[in-house]
Amino acid sequence: MPSRIVIESFHSPILAGNPLGDPARRDIPVYLPPGYDEERARRYPVVYLLAGFNGRGTTFLNDTVWDENIVQRLDRLIGSGTMRPAIVVMPDCLTRLGGSQYINSSATGRYEDHLVQELVPHIDRSYRTLDSRDCRAVVGKSSGGYGALMLAMRHPGIFGLTASHSGDLYFELCYKPAFVACARELARLGGIDRLMRDLHTIRPRDAGYRAAVNTLAMASCYSPDPQAPHGFVLPFDPHSCELDEAVWRRWLEWDPVHLVDEYRRALASLRLIYLDAGTKDEFNLQYGARIFCEKLRQRGIPFVHEEFDDSHLNIPYRFDASFAAISQAMAVD
């Protein structure tokens, strides 16, 4: 009774005609656990697994000499009894700039609506799911961890459990330090127009390039502006690097550490809030997790917080901990 992967070729009317011209048809891997095809009367909890920046659902299927891919990991966890059998859905919310942060933006498209209004109902219609928020989790790493936390906060009637591995938290430390490198790269290239036009052909793709692309991608999510030439504005002056306080405040409105009180009731309703980060995280995300969890603690909201001796990259092994925690917390008989 082996597991299997189904690749859903899903056409999204919500994503059709998006501002970046990204495809409306997305290939979405769906992991069906061992026994799914034989035990026809059985229904399963669902985990939505969100890829990080510059990734999509199919990325989880990649074979690597250094680690398991997601199928091998899930097969092992389920086979050992560490995780209950579950359906795992791997959405594709990638944009031309590298990611949508799984939120709606006039500069990128309605990716939050795509997930909540289209994909979740489609999966529940198409597979034998336990159609309940207490049996539906959302998990991710990095930008995927950010998306997992935000989706659970904003849609607690859909997702009853969330796990964020090294998720984007406390923008002052995870994004702001890159603004100088972004300004330098834009100056080297001759401005935003060149970067936007030649995004996929520029070489080298060094640290400066990555800082610039990531900053533009975040601006497309957090500070869209339909009147701006590229549909978004930066939170700093590209020439002087002086912070634009008004635009920066718009970014902070999307930072989970500043949203705890707004979503306090939703957070308190979740069956599981799991966060972790490495103590050597290059984007300082361990500090954002600490701040967020301290705010939860002060408000009496239960959570699980772990830290580990590692960095931001090459940490898929951390899914072992979150999948086990989710499995234990789900309301499944």
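Each remark here, short or long, concerns the structure printed above.
Cut-offs applied
Residues numbered from 1 in each chain as written. Predicted model: local features only at pLDDT ≥ 70, side-chain atom pairs only at ≥ 80, totals over all residues. Heavy atoms only, no water. Helix = DSSP H or I, 4+ residues; strand = E, 2+ residues; numbered from the N terminus. Buried < 20%, exposed > 50% of the residue type's maximum accessible area, 1.4 Å probe, protein only. Contact = heavy atoms within 4.5 Å. Polar contact = N/O pair within 3.5 Å; in protein donor to acceptor, adjacent residues only side chain to side chain. Patch = residues over 30% accessible without salt bridge, like charges linked within 9 Å, V, L, I, M, F, W, Y side chains within 5 Å. Areas by Shrake-Rupley, 256 points an atom, 1.4 Å probe, with all protein chains shown as cover. Salt bridge = Lys/Arg side-chain N within 4 Å of Asp/Glu carboxyl O. Lys, Arg positive; Asp, Glu negative; His and termini not counted. Charge placed at Lys NZ, Arg CZ, Asp CG, Glu CD. Pairing = 2+ DSSP bridges. Right-handed = clockwise from strand over helix to strand, strands pointing away.

Draft legend 1. Inspection of the overall build of the chain at higher detail. The number of helices and strands found in the chain is 11 helices and 10 strands. C-alpha extents for the chain along the principal axes are approximately 60 × 45 × 35 Å. Evaluated residue by residue, the chain yields a buried proportion of 56% over its 333 residues. For the chain, contacts bridging at least 24 residues in sequence account for 75% of all contacts bridging at least 6.

Draft legend 2. Focus on the side chain of serine 105. Residue placement: serine 105 occurs in strand β5 (residues 104–105). Residue serine 105 is classed as buried on the basis of its relative accessible area of 7%. Within the local environment of serine 105, its side chain forms a polar contact with the backbone nitrogen of alanine 107, the two atoms lying 3.0 Å apart. Leave out the neighbours within four places in its chain, and serine 105 touches Ser220, Cys221 and Pro224.

Draft legend 3. Here's a closer look at a negative patch on the surface. A surface patch of like charges, here negative, comprises Asp237, Glu242, Asp244 and Glu245. Among the secondary structure elements, glutamate 242 is positioned in the loop between α7 (207–222) and α8 (245–252).

Draft legend 4. Representation of the pairing of strand β9 (residues 272–278) in the model. Along β9, 7 of the 7 residues are buried, which leaves the element largely enclosed by surrounding structure. The alternating pattern of β9 places Leu272, Tyr274, Asp276 and Gly278 on one face and Ile273, Leu275 and Ala277 on the opposite face, and all of these are buried. When strand β8 (residues 161–165) meets β9, the two strands line up parallel, connected through 5 bridges. Its bridge partner being in β9, alanine 163 is matched across the sheet by tyrosine 274. Bridge count between β9 and strand β10 (residues 304–308): 5 bridges; the pairing is parallel. Directly across from leucine 275, in β10, lies its bridge partner histidine 305. The parallel pair β9 and β10 is bridged by helix α10 (residues 285–298), and the resulting crossover is right-handed.

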